[in-house]
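In case you want the letters, here they are:
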There are 2 protein chains.
Amino acid sequence: MLRSCTAGLRSVWALRGRREGAPWLSTDLQPARTLFSTEKAIHKDWALPNPSWSKDLKLLFDQFMKKCEDGSWERLPSYKHRSTQKSEEFKTYFLDPKLVKEEGLSQAQLFTRGFEDGLGFEYVIFSNNDEKRTVCLFQGGPHLQGLPGFLHGGATATMIDVALGSCATIPGGAVMTANLNINFKRPVPLCSVVVINSQLDKLEGRKLFLSCNVRSVDEKTLYSEATGLFIKLDPKKNST
Amino acid sequence: MLRSCTAGLRSVWALRGRREGAPWLSTDLQPARTLFSTEKAIHKDWALPNPSWSKDLKLLFDQFMKKCEDGSWERLPSYKHRSTQKSEEFKTYFLDPKLVKEEGLSQAQLFTRGFEDGLGFEYVIFSNNDEKRTVCLFQGGPHLQGLPGFLHGGATATMIDVALGSCATIPGGAVMTANLNINFKRPVPLCSVVVINSQLDKLEGRKLFLSCNVRSVDEKTLYSEATGLFIKLDPKKNST
């Protein structure tokens, strides 16, 4: 039963519509059509350059786009969740629908894509499926401030979760995070670009063990290291 | 030297102006006047009820305010950082000032207090200094969504960091987070209220070991558990 299978887990999850060729990013948080619905919806892909992107971010983006040309890497598109499109199938699959509150949901926005361009989380994730790793290019905007001039640790933790989650989806299907263990080494300057390298270390049944590091663009500064445990959900199971 | 003392740490830190009686919350991220400046500034205290607070949050707030009457508990005020007021003293004390980028700082906002009332992080922290513990009452608004209808795990991680950080400051002085280890048990319904109980477990030199849990208002649902390692900074040291 899903309820027992989701106990010990949490709400960050990931889906990939692998059959469509364009994988669903862990933070898109949108029902995966291939699994749950055939409804089509046109969304803006947020994992593309906008005028707020710094020279560093654009340069790295271009470099990885070149790596995508031979098919070894792929860019993961990223969509906001549309709160008005609530999939009962989806809720039933993942969680006890009775838990979901309707109050306030009309204003709901995906946390990591809810800021105006450049003010919050600007990021794109590239995936290498053969090597079971992802690279997240992340520019933390001025609305993510902690210590004056530096990124809030919660924003770093959020992106670590997103990056690890995207990597956990490589084996396919839906995953949920069960544990995050983060060592913070140095504060990240606000508005700078960091690179989050994530990899799948071990797969034991439905448990996926991952790790990542957060480094400066020149790789000389290690800002954070983290491990994550994700649980693969079984699409054949549901809560009913 | 500060640079060596901050290596292995990160940007979330905490200050308390204990001598003034009104402690500085870990997320205020504003130079503590008692330590660094005598400049006075009037700020809005964000740790007070606003119309977006739910009945649950207001009720708990009132209960804790009553506990404050005999002095055993105190409410921690919470201020936004004013990005235009940059303290060179502060930067020199904490970090290598060369790391701080000026670009984009004019738009800087404290991550956890940068949302409009009710849309993001609504929280208040109460502290029991004798028992070395804090209680954080947190209502996660619709702009913190992860899974549709639920709080993003990054938002939960952020509040865990803030809550643990506030507790770590009880021994006084400034602290920085070195590690966060979070077990996510169940997803938190969006717009619901949770209670984060934090406690100081051990103090070894400058290392502070803390733990917390995130529960529903009726305490029946355990959403998350976490431990944190914080490092107390030595105000006599600086980077020069």
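Residues numbered from 1 in each chain as written. Chains lettered and ligands numbered in written order. Predicted model: local features only at pLDDT ≥ 70, side-chain atom pairs only at ≥ 80, totals over all residues. Heavy atoms only, no water.

Asker: If you had to explain the state of the cysteines to someone new, which residues and values would you point to?
Answerer: Applying the stated rule across the entire model yields zero disulfides over all chains. Here A:C68 stays free of any disulfide, with the sulfur of A:C136 as its closest cysteine sulfur at 14 Å. Judged by its relative accessible area of 18%, A:C68 is buried. Lacking any disulfide linkage, B:C191 is separated from the closest cysteine sulfur, that of B:C136, by 16 Å. (Disulfide = S-S within 2.5 Å. Buried < 20%, exposed > 50% of the residue type's maximum accessible area, 1.4 Å probe, protein only.)

Asker: Before we move on, could you go through the pattern of salt bridges and cite the residues and values that matter?
Answerer: Residue and element names in this part refer to chain A. Overall, the coordinates contain eight salt bridges over all chains when judged by the stated rule. K202 serves as the salt-bridge partner of E204, at 3.4 Å between the closest nitrogen and oxygen. Here E204 falls in the partly exposed class, since its relative accessible area comes to 42%. Looking at K202, the relative accessible area reads 39%, which means it is partly exposed. (Salt bridge = Lys/Arg side-chain N within 4 Å of Asp/Glu carboxyl O.)

Asker: I'd like a description of the pairing of strand β7 (residues 207-216) of chain B, backed by residues and values.
Answerer: Residue and element names in this part refer to chain B. The pairing of strand β6 (residues 193-204) with β7 spans 10 bridges and is antiparallel. The residue of β7 that forms the bridge with S198 is C212. Two successive antiparallel strands, β6 and β7, enclose a turn made up of two residues, where G205 displays a positive phi of approximately 60 degrees. As paired elements, β7 and strand β8 (residues 222-232) share nine bridges and run antiparallel to each other. Residue pairing across strands places C212 opposite A226, the latter belonging to β8. Two successive antiparallel strands, β7 and β8, enclose a turn made up of five residues, where E219 displays a positive phi of approximately 65 degrees. (Pairing = 2+ DSSP bridges. Helix = DSSP H or I, 4+ residues; strand = E, 2+ residues; numbered from the N terminus.)

Asker: Can you tell me about the packing of aromatic side chains, naming the residues and giving the values?
Answerer: Under the defined criterion, the tally for this structure stands at 18 aromatic pairs over all chains. Seen from their ring centres, A:F61 and A:F126 are 5.9 Å apart, and the 55 degrees between their planes marks the pair as tilted. Placement of A:F61 in helix α3 (residues 55-67) and of A:F126 in strand β3 (residues 121-128) is noted, with a sequence separation of 65 residues between them. Each member of the pair A:F61 and A:F126 is classed as buried. Here a set of aromatic residues connected by ring pairs shows up, and it is made of A:F111, A:F115, A:F121, A:F138, B:F111, B:F115, B:F121 and B:F138. The ring of A:W46 has A:K44 lying over it, and the distance from NZ or CZ to the ring centre is 4.0 Å. Its end group placed over the ring of B:F209, B:K202 keeps NZ or CZ at 4.7 Å from the ring centre. (Phe/Tyr/Trp six-rings, centres within 6.5 Å; stacked < 30°, edge-to-face > 60°. Lys NZ or Arg CZ within 6 Å of the ring centre and 35° of its normal.)

Asker: Talk me through helix α5 (residues 153-168) of chain B; I want residue IDs and the actual numbers.
Answerer: With 16 residues, α5(B) extends 22 Å from end C-alpha to end C-alpha; this agrees with the ideal 22 Å at 1.5 Å per step. Taken across its 16 residues, α5(B) has 16 buried, putting it largely inside the fold. (Expected span 1.5 Å × (residues − 1).)

Asker: I'd like a description of unusual backbone geometry, backed by residues and values.
Answerer: Residue and element names in this part refer to chain B. One non-glycine residue, C191, lies in positive phi territory at about 70 degrees. Structurally, C191 can be placed in the loop between β5 (175-184) and β6. The phi angle at E219 is positive, at roughly 65 degrees, despite the residue not being glycine. Positionally, E219 belongs in the loop between β7 and β8. The exposed category is assigned to E219, whose relative accessible area is 56%.

Asker: So what's going on with the environment of A:L233? Which residues, and what values?
Answerer: Note on placement: A:L233 falls in the segment after β8 (222-232). Sequence-wise, A:L233 and A:V175 are 58 residues apart; in three dimensions their C-alpha atoms are separated by 5.5 Å.

Asker: Residues and numbers for α3(A), please.
Answerer: All names here are of chain A. Here α3 contains 13 residues, and its C-alpha end-to-end distance of 19 Å stays within 8% of the 18 Å for a straight helix at 1.5 Å per residue. Of the residues making up α3, those classed as buried are L57, L60, F61 and F64. Buried residues of α3, seen end-on, are gathered within an arc of 105 degrees and therefore sit on one face of the element. Opposite the packed face of α3, turned more than 90 degrees from it, sit the exposed residues K55, L59 and K66. Those residues of α3 that are buried lie in contact with β2 (74-76), β3, β4 (133-140) and β6 (193-204). (Arc of directions from axis to C-beta. Contact = heavy atoms within 4.5 Å.)

Asker: How would you sum up the packing of helix α5 (residues 153-168) of chain A against α5(B)? Please name residues and give values.
Answerer: Two numbers describe how α5(A) lies on α5(B): the axes approach to 8 Å, and their chain directions differ by 145 degrees. Crossing geometry of α5(A) relative to α5(B) is assigned as right-handed. Across the interface between the two elements, A:G153, A:G154, A:A155, A:A157, A:T158 and A:D161 from α5(A) touch B:G154, B:A155, B:A157, B:T158 and B:D161 from α5(B). Split into classes, the residues belonging to the contact of α5(A) with α5(B) amount to four nonpolar, five polar and two charged. (Axes fitted to C-alpha atoms, helices over the stretch in contact; angles between N-to-C directions. Left-handed = near helix turned anticlockwise from the far one by under 90°. Nonpolar A, V, L, I, M, F, W, Y, C, P; charged D, E, K, R; others polar.)

Asker: So what's going on with the confidence of the model for chain A? Which residues, and what values?
Answerer: All names here are of chain A. Summarising the model, chain A shows a mean pLDDT of 78, and 69% of its residues fall at 70 or more. In this model residues 1-42 is a low-confidence stretch, pLDDT under 50, and it forms 157 contacts with partners more than four residues away in sequence or in other chains. Predicted confidence for residues 82-90 stays below pLDDT 50, and this span has 19 contacts to residues more than four positions away or in other chains. This prediction of the complex comes with two scores: 0.81 for pTM and 0.80 for ipTM. (pLDDT = per-residue confidence, 0-100.)

Asker: Can you lay out the side chain of B:N128 for me, pointing to particular residues and giving the numbers?
Answerer: Residue and element names in this part refer to chain B. Locating N128 in the fold gives a position in strand β3 (residues 121-128). The buried category is assigned to N128, whose relative accessible area is 3%. Reaching out from N128, the side chain makes a polar contact with the backbone nitrogen of D130 at a distance of 3.3 Å. For N128, the contacting residues outside a window of four places in its chain are S72, W73, R133 and I170. (Polar contact = N/O pair within 3.5 Å; in protein donor to acceptor, adjacent residues only side chain to side chain.)

Asker: Report on the nonpolar core, specifying residues and quantitative values.
Answerer: In terms of nonpolar packing, the biggest core is built from 78 residues, with A:F121, A:F138, B:F121 and B:F138 touching the most fellow members. For A:F121, the contacting residues outside a window of four places in its chain are A:F111, A:T112, A:R113, A:F115, A:F138, A:Q139, A:L144, A:A155, A:T158, A:M159 and B:F111. (Core = buried A, V, L, I, M, F, W, Y, C linked by side-chain atoms within 4.5 Å.)

Asker: Tell me about the environment of B:A168, and please be specific about residues and values.
Answerer: All names here are of chain B. Among the secondary structure elements, A168 is positioned in helix α5. Classification of A168 as buried rests on a relative accessible area of 0%. Note: C-alpha distance between A168 and H43 (125 residues apart in sequence) is 24 Å. Those residues in contact with A168 that lie beyond four places of it in its chain are V175, L208, L210 and F230.

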